[in-house]
Amino acid sequence: MIVIEGIDGAGKSTILNALGVYCRENAIDAVLSREPTKGQWGQKLRDSALKGRLSLEEELELFLRDRAEHVQSLIAPALAEGKVVLLDRYYFSTAAYQGARGADPQEILRANEQFAPQPDLVLLLDLDPCAGRSRIQSRGDTPDAFEEEEALARVRRIFLSIERPYLVKLDASEPSDSVRQKALQAFQRVIDQKPRLD
Ligand code: T5A
């Protein structure tokens, strides 16, 4: 399982799509997904970003419910079939974003790691929040309630403080091609180490 993390506008979807294309071109059986999901809990969270933010406790609960459903319905079955799961955000986002609102990031990691499979690789796309915001704006979108700059600076600090052996930090301020090349190299290293089920 490969997870892409980073603040809003860091380029996660761009890298996820590039990894998806690479898998198709190299006959790697992969499933792409993202959190929050399009399920009932994920949709509620997305609505809250537009309509008015929920309390920290409500957010934490919904992200956990959404993830538990995601693990059960998609992640665990795909892994059991030997597929590569590519995820845009996972529980590191909960540690960073809900941590930035005051929850304990270490406790969030611990709670999630009790039920959610740990990834083989986390690509952390590190970017200054100001740059992330302007990328979102130049894409034609308006940053939402999760995307205030000061809060994103706290989110970024928490992301950078997470220590896991499978976490690789990439400088997302570099041009897209360069970030993509580095992401693909890290991805291929992991694929080369994994025994294939077929
Ligand atoms: N959340 C989520 C929590 O609070 N807790 C949780 O547990 C979870 C799972 C979800 C929100 O939910 C919060 C975090 C989020 O605020 P989302 O739907 O994942 O949000 O949306 P974002 O993370 O905001 O995703 P975006 O699509 O806005 O950003 P991406 O995917 O990081 O960036 P991307 O690839 O769309 O790129 C943005 C723009 O920049 C360009 C792209 O072409 C695009 O136009 N770009 C670059 N430009 C220059 N150089 C590069 N290297 C570039 N890479 C991409």
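Residues numbered from 1 in each chain as written. Predicted model: local features only at pLDDT ≥ 70, side-chain atom pairs only at ≥ 80, totals over all residues. Heavy atoms only, no water.

Visitor: Got a minute to help me understand the site of the ligand in this structure?
Guide: In the neighbourhood of the ligand, 29 residues make up the surrounding shell, with K12, S13, T14, R89 and T94 lying closest. With respect to the ligand, the side chain of D8 contributes an N or O atom lying 2.6 Å from an oxygen atom. One of the side-chain N or O atoms of R46 is found 2.9 Å from an oxygen atom in the ligand. Coverage of the ligand by the protein amounts to 84% of the 1000 Å² it exposes when considered alone. Every element with two or more residues in the shell around the ligand is listed here: helix 1 (12-25), helix 3 (56-80), helix 4 (91-100), helix 6 (129-138) and helix 8 (176-193). With four residues, the single largest contributor to the shell around the ligand is helix 4. Per-class residue counts for the shell around the ligand are 10 nonpolar, eight polar and 11 charged. (Near = heavy atom within 4 Å. Polar contact = N/O pair within 3.5 Å; in protein donor to acceptor, adjacent residues only side chain to side chain. Areas by Shrake-Rupley, 256 points an atom, 1.4 Å probe, with all protein chains shown as cover. Helix = DSSP H or I, 4+ residues; strand = E, 2+ residues; numbered from the N terminus. Nonpolar A, V, L, I, M, F, W, Y, C, P; charged D, E, K, R; others polar.)

Visitor: Looking at this structure, I do not really get the sheet that holds strand 2 (residues 30-34). What am I missing?
Guide: The pairing of strands in a sheet comes from backbone hydrogen bonds and takes either a parallel or an antiparallel form. Taken together, the five strands give an open sheet; going across it, the order is 2-3-1-4-5, and neighbouring strands pair in parallel fashion. Each having just a single partner strand, strand 2 and strand 5 (167-171) make up the two edges of the open sheet. Taking each pair of neighbouring strands and ignoring which way they run, the sheet shows an average axis angle of 20°. Two elements, strand 1 (residues 2-6) and strand 4 (residues 121-126), share five bridges in a ladder whose sense is parallel. Of the residues in strand 4, the one forming a bridge with I2 is L121. Packing of helix 1 onto the sheet brings it into contact with strand 1, strand 2, strand 3 (84-88) and strand 4, and relative to strand 3 it is tilted by some 160°. (Pairing = 2+ DSSP bridges. Axes fitted to C-alpha atoms, helices over the stretch in contact; angles between N-to-C directions. Contact = heavy atoms within 4.5 Å.)

Visitor: Got a minute to help me understand the packing of aromatic side chains in this structure?
Guide: Geometrically, a pair of aromatic rings is defined through the distance of the ring centres and the angle of the planes. A full pass over the atoms with the stated rule returns six aromatic pairs. Each ring, one from F92 and one from Y166, has its centre 6.4 Å from the other, and the planes form 70°; the classification is edge-to-face. One end of the pair, F92, is in helix 4; the other, Y166, is in the loop between helix 7 (149-161) and strand 5, with 74 residues separating them in the sequence. Each member of the pair, F92 as well as Y166, is classed as buried. (Phe/Tyr/Trp six-rings, centres within 6.5 Å; stacked < 30°, edge-to-face > 60°. Buried < 20%, exposed > 50% of the residue type's maximum accessible area, 1.4 Å probe, protein only.)

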